[in-house]
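# Structural overview for review
For reference, the chains in residue letters:
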Number of protein chains: 2
Amino acid sequence: MSIKGIFPIDKWDFKSRSVLAGLPDGDLEMLMANQTEKVYKLSEVIFWEGAYPSGIFYIKEGKVKKYKLDKDGREHIIYVANAGELLGYHAILSEDRYPDSAAALEETRIAFIPKEDFLKTLQHSGVLNGRLLKNLSHEFAVLANSLSMFAKSSVRERLALQLIILREKYKVNFQPGMPVAINMSRDDLASLVGTARENVVRLLSDLKEEKIVETKGRTITVLDVQKLIKIAGYK
Amino acid sequence: MSIKGIFPIDKWDFKSRSVLAGLPDGDLEMLMANQTEKVYKLSEVIFWEGAYPSGIFYIKEGKVKKYKLDKDGREHIIYVANAGELLGYHAILSEDRYPDSAAALEETRIAFIPKEDFLKTLQHSGVLNGRLLKNLSHEFAVLANSLSMFAKSSVRERLALQLIILREKYKVNFQPGMPVAINMSRDDLASLVGTARENVVRLLSDLKEEKIVETKGRTITVLDVQKLIKIAGYK
DNA sequence: AAATAAAATTGATAAATATCACTTTTTGGA
DNA sequence: TCCAAAAAGTGATATTTATCAATTTTATTT
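Described below are features of the structure shown in this document. Please read these numbers as outputs of a predicted model, since none were measured by experiment.

### Let's talk about the protein's contact with DNA strand C
For DNA strand C, the set of nearby residues contains 18 residues, the closest of which are Thr195(A), Glu198(A), Asn199(A), Arg197(B) and Arg202(B). Atoms of DNA strand C within 4 Å of the protein: sugar and phosphate make up 58%, bases the balance. Between a phosphate oxygen of DNA strand C and a side-chain N or O atom of Thr195(A), the distance comes to 2.3 Å. Measuring from a base nitrogen of DNA strand C, one finds a side-chain N or O atom of Arg202(B) at 2.9 Å. Elements that contribute at least two residues to the surface near DNA strand C include exactly α7 (197-209) of chain A together with α6 (186-193) and α7 (197-209) of chain B. Among the elements that line the surface near DNA strand C, the one with the most residues is α7(B), at four residues.

### Some thoughts on the protein's contact with DNA strand D
Taken together, 16 residues sit near DNA strand D, with Arg186(A), Arg202(A), Thr195(B), Glu198(B) and Asn199(B) positioned nearest. Among the atoms of DNA strand D close to the protein, meaning within 4 Å, 51% are from sugar or phosphate groups. Residue Arg202(A) places a side-chain N or O atom 3.0 Å away from a base nitrogen belonging to DNA strand D. Residue Val155(B) places a main-chain N or O atom 3.0 Å away from a phosphate oxygen belonging to DNA strand D. Within the residue set of the surface near DNA strand D, elements represented by two or more residues are α6 (186-193) and α7 of chain A together with α7 of chain B. Among the elements that take part in the surface near DNA strand D, α7(A) stands out by supplying four residues, more than any other. Taken together, the residues of the surface near DNA strand D break down into three nonpolar, four polar and nine charged.

### Points about the pairing of strand β4 (residues 63-69) of chain A
All names here are of chain A. Across the seven residues that make up β4, a large majority, six, are buried. Two elements, β4 and strand β5 (residues 75-82), share seven bridges in a ladder whose sense is antiparallel. Each residue of the ladder has a partner; that of Lys 68, found in β5, is His 76. Adjacent in sequence and paired antiparallel, β4 and β5 are bridged by five residues, among which Gly 73 carries a positive phi angle near 80°. Relative to strand β7 (residues 101-104), β4 is paired through four bridges, and the arrangement is antiparallel. Bridged to Lys 65 within β7 is Ala 103.

Cut-offs applied
The numbers attached to residues start from 1 for each chain and follow its sequence in the written order. All chains are assigned letters beginning at A, and all ligands numbers beginning at 1, according to the order in which they are written. Note on the predicted model: pLDDT of at least 70 is required for a residue's local features to be given, and 80 or more for side-chain atom pairs to be given and counted; whole-chain, interface and lining totals, by contrast, use all residues. As a rule here, side-chain values come from all non-hydrogen atoms in the structure, and water together with hydrogens is ignored. We call a residue near a given molecule or strand whenever any one of its heavy atoms falls within 4 Å of it. Definition of a polar contact: a pair of N or O atoms within 3.5 Å, with one able to donate and the other able to accept a hydrogen when the atoms are protein atoms, and with sequence-neighbouring residues admitted only if both atoms are side-chain atoms. The helix and strand labels rest on DSSP assignments: H or I over at least four residues marks a helix, E over at least two residues marks a strand, and numbering proceeds from the N terminus. In this classification, Asp, Glu, Lys and Arg are treated as charged, Ala, Val, Leu, Ile, Met, Phe, Trp, Tyr, Cys and Pro as nonpolar, and every other residue, Gly included, as polar. Relative accessibility thresholds used throughout: buried, under 20% of the residue-type maximum; exposed, over 50%; partly exposed, between the two (1.4 Å probe, protein chains only). Note on pairing: DSSP must find at least two bridges between two strands before they are called paired.

Structure representation (structure tokens):
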């Protein structure tokens with residue numbers, strides 16, 4: 001929760017699911033040679049859709065939303081990224097501009113790695129290459145799943161699915177067995193689900209009556225994941 | 001249109017946008033050493049979601065739909081792949097099962113490349129590695145775009161967008177300036193747009209009245225792309 | 001080319017979702 | 001701790017989309 005300041009590279013606690021976990025020391029050093037660190041405040045923008053990428057971002061601590069703006073200027077969250085993940089490398093790999101924007105969902109500590117270092121390391125490191133391919137393939141599958149979900153399912157089903165996913169993301173650092181508290185604005189949640197805030201509010205209060213979640217202020221506590229899974233319609 | 005039979009490797013006409021275009025000869029030969037070719041009939045399944053991948057597929061000629069089935073057994077197309085594209089490599093890269101199914105949208109000629117050859121070539125070829133990363137990044141951006149589109153836009157907007165995209169895919173081999181004919185069942189189109197067939201039919205007849213498209217049998221001819229772009233709400 | 005099956009289309013209606021106007025609650029700064 | 005300001009919640013209503021039942025058109029087979 002609390003962000004204490006600048007950490008040296010050797011203090012990084014790579015989560016096991018980090019893209020960079022287990023990368024050879026040499027590769028890691030090359031990649032991190034010129035990293036700079038910054039703490040982003042809630043809602044602070046990390047990069048804008050359409051901008052030319054000058055490097056990639058590694059989330060050391062916190063959470064980040066990736067989103068796109070529609071023609072009416074409304075925000076649509078397409079992904080919530082967690083500590084241990086890399087941001088903005090798609091744009092560099094596809095030699096294009098950022099396809100989406102990114103902003104902090106809470107106070108978030110991020111390392112910036114210049115484009116040149118990233119590309120140099122990538123060229124040098126077969127491991128990093130493979131890691132990114134694997135990561136991208138996975139992200140792709142997740143996204144394809146969301147897409148097919150969006151294509152034909154009710155808002156209630158989509159909300160259930162997003163709560164399941166968010167629960168996983170907010171679970172980090174919590175005890176097993178303990179219910180997970182999701183801290184997210186109704187607007188952001190609605191944007192993630194792809195509906196209006198009012199609908200999310202109404203559906204959440206249904207879920208509350210059904211004893212599936214509990215809410216207190218803006219935090220949502222998942223009481224019964226199994227029922228959520230059933231609602232989301234996952235086999 | 002017509003499929004003439006088995007082509008030897010050196011006869012392959014790689015389209016410029018093929019993932020394999022410009023791959024060093026050695027790498028290409030290693031990749032293709034044990035390829036086998038098959039012609040798939042309309043609607044014939046190439047691989048099933050959930051199956052373990054034993055290799056990858058290269059589309060030599062034709063078109064393929066990638067889709068997922070929802071809990072009611074209904075099909076949702078997430079992507080239409082064209083000649084020159086590779087299929088099924090995501091699953092191998094992410095060391096998992098196929099995240100979606102694939103089936104031919106027309107008579108389609110496809111080369112099968114065994115998993116071992118693919119992985120061996122990938123390990124050996126930095127170029128292929130980079131090419132796949134770039135390709136995946138691109139596909140990812142396209143998918144992210146569709147997702148944000150789904151999240152908040154009317155069926156009419158989504159239909160317009162899909163017609164624009166399909167027009168590009170069906171444009172291959174046609175003269176510039178000549179209107180492009182899209183040959184696709186209303187069911188498949190509805191699945192791609194994420195709605196019911198009836199809605200697609202109604203919206204198409206609106207577009208017809210507005211002189212934006214023309215239909216004859218199952219083929220849809222795009223007369224005015226600019227208006228479609230306007231409808232889709234793209235800046 | 002006729003017969004049959006499959007796909008496309010149309011109209012009526014039901015259901016889901018969005019929007020608007022407003023009240024209440026929560027949150028973050030003075 | 002109190003006070004704005006922002007966010008969350010509620011009810012009424014409009015709009016969009018889905019579904020059902022039927023008919024017409026197109027494609028396929030003999």
